[in-house]
Amino acid sequence: MGFRPEERVRVKLEFLRMLARMKLDPARMELLAVFFEAYLKLNREEEEQLYRELGKMDKRGLTPLCR
């Protein structure tokens, strides 16, 4: 894709936000999430940054992911 290495966390964060808003059934949501996880693997530092950013987000936007 056309993103810089320093944008990796932001790309994954935006994907998760988009996935949560799509209102898909759980099977399709998991299929997309697994595919994206295989496509964009974050290192440990990036994962920690992602979780910090997720903690700052409005939980209403991630309701389907926060079961």
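Each remark here, short or long, concerns the structure printed above.
Conventions adopted
Residues numbered from 1 in each chain as written. Predicted model: local features only at pLDDT ≥ 70, side-chain atom pairs only at ≥ 80, totals over all residues. Heavy atoms only, no water. Salt bridge = Lys/Arg side-chain N within 4 Å of Asp/Glu carboxyl O. Helix = DSSP H or I, 4+ residues; strand = E, 2+ residues; numbered from the N terminus. Buried < 20%, exposed > 50% of the residue type's maximum accessible area, 1.4 Å probe, protein only. Phe/Tyr/Trp six-rings, centres within 6.5 Å; stacked < 30°, edge-to-face > 60°. Expected span 1.5 Å × (residues − 1). Polar contact = N/O pair within 3.5 Å; in protein donor to acceptor, adjacent residues only side chain to side chain.

How should I be thinking about the pattern of salt bridges in this particular structure?
Think of it this way: side chains of opposite charge can pair up when their charged atoms draw near. Under the counting rule described, the total for this entry stands at ten salt bridges. For Glu 14, the salt bridge goes to Arg 17, with nearest N and O atoms at 3.4 Å. Of this pair, Glu 14 and Arg 17 both sit in helix α1 (residues 8–21), three residues apart, which is roughly one turn of the helix. Among the residues examined, Glu 14 registers a relative accessible area of 30% and is labelled partly exposed.

Quick question: what am I supposed to make of the packing of aromatic side chains here?
Describing an aromatic ring pair means giving the distance of the ring centres and the angle of the ring planes. Summed over all chains, the structure comprises two aromatic pairs. Aromatic side chains Phe 15 and Phe 36 sit 4.0 Å apart centroid to centroid with 10 degrees between the ring planes, which places their arrangement in the stacked category. With Phe 15 in helix α1 and Phe 36 in helix α2 (residues 26–39), this pair connects stretches of sequence that are 21 residues apart. Since its relative accessible area comes to 13%, Phe 15 is described here as buried. For Phe 36, a relative accessible area of 9% translates into the label buried. A ring pair is formed by Phe 36 and Tyr 39, whose centres lie 6.0 Å apart and whose planes are at 45 degrees; its orientation type is tilted. Within this pair, Phe 36 and its partner Tyr 39 are both found in helix α2, separated by three residues, close to a single helical turn.

Before we go on, may I ask you to explain α2 in this structure?
Structurally, the α-helix is built with 3.6 residues per turn, so residues lying three or four positions apart point the same way. For α2, spanning 14 residues, the distance from its first C-alpha to its last is 20 Å, which sits close to the expected 20 Å at 1.5 Å a residue. Its side-chain oxygen at 3.2 Å from the backbone nitrogen of Ala 27, Asp 25 defines the N-terminal cap of α2.

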